[in-house]
Amino acid sequence: MQSMGMHARQKYSLGALAVTRHLMKLDDTGNLAHEFVRQLAFNVMAGNTDSHGKNYSLRIAPDGSLSMSPLYDALTSSTHPHFDQDLAMGVVGAAYPAAVTRAHWAKLATRSGMDADRVVTDMISLANAMRNNLDVYDALESKERNLALAATLRFTSAPIRS
């Protein structure tokens, strides 16, 4: 993220923990950090392994208030084996979309000073919304649909383990 003063060449070295901590410093309500985590979670659940630091931006309103820009450059790369399958922005130790669990989101929240219960609740709501809208995946091959379903089930059915 450019607000962190990083050069564009560093977009793949930026981790979610650094971003959430930075956003918590910019906004004492925590809303920026929570919106960033929701956007990152959507990318992880969708299997977007190319979701790097330059794909997240802040908007500055005329009154100086900050908000996250709408999500952009989102794609599902996990269904294309020739694409790199490592997450461009890992989630506290998880390097692959299939490895990210609710416990990772809770750990990210805790280490960032965010409300972990709120983050996990947001992840479950997002996963449910994605799963409930799988009809949009009807045009996908069965492998792609199964990957999308598996990604959402990981967040809604697995207990949190430390």
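See above for the structure.
Only a predicted model underlies this, so the values are computations on that prediction, with no experimental measurement involved.

This part covers the overall build of the chain. Per the secondary structure count, the chain includes five helices and two strands. A total of 162 residues make up the chain; the buried ones form 41% of that total.

Turning our attention to helix H4 (residues 116-132). For H4, spanning 17 residues, the distance from its first C-alpha to its last is 24 Å, which sits close to the expected 24 Å at 1.5 Å a residue. Within the span of H4, buried status applies to Ala116, Val119, Val120, Asp122, Met123, Leu126, Ala127 and Met130. One side of H4 holds all its buried residues, which, seen down the axis, span an arc of 155°. What points out from H4, more than 90 degrees from its buried face, is the exposed set Asp117 and Asn132. If you check the start of H4, you find a side-chain oxygen 3.0 Å away from the backbone N of Asp117, and it comes from Asp115.

Right, let's get into helix H2 (residues 31-45). Counted at 1.5 Å a residue, the expected span for H2 with its 15 residues is 21 Å, and the 21 Å between its end C-alpha atoms agrees. With respect to burial, H2 is a largely interior element, 11 of its 15 residues being buried. The positive-phi residue at the C-terminal boundary of H2 is Gly47, with phi of around 80°.

Now for unusual backbone geometry. Despite not being glycine, Val92 has its phi angle at roughly 35°, a positive value. Structurally, Val92 can be placed in the loop between strand S2 (66-68) and helix H3 (102-112). The exposure class assigned to Val92 is buried, which follows from its relative accessible area of 16%.

Thresholds, definitions, all that
- Along each chain, the written sequence defines residue order, and numbers are assigned to residues from 1.
- Note on the predicted model: pLDDT of at least 70 is required for a residue's local features to be given, and 80 or more for side-chain atom pairs to be given and counted; whole-chain, interface and lining totals, by contrast, use all residues.
- Side-chain metrics rest on all non-hydrogen atoms present in the structure, leaving aside hydrogens and water.
- Strands here mean DSSP runs of E at least two residues long; helices mean DSSP runs of H or I at least four residues long; both are numbered from the N terminus.
- Relative accessibility thresholds used throughout: buried, under 20% of the residue-type maximum; exposed, over 50%; partly exposed, between the two (1.4 Å probe, protein chains only).
- The span one expects for a helix is its residue count, reduced by one, times 1.5 Å.
- By arc we mean the arc of the directions from the helix axis to the C-beta atoms, nothing more.
- Between N or O atoms, a polar contact is any pair within 3.5 Å; within protein, one atom must be a potential hydrogen donor and the other a potential acceptor, and residues adjacent in sequence are included only when both atoms are from side chains.

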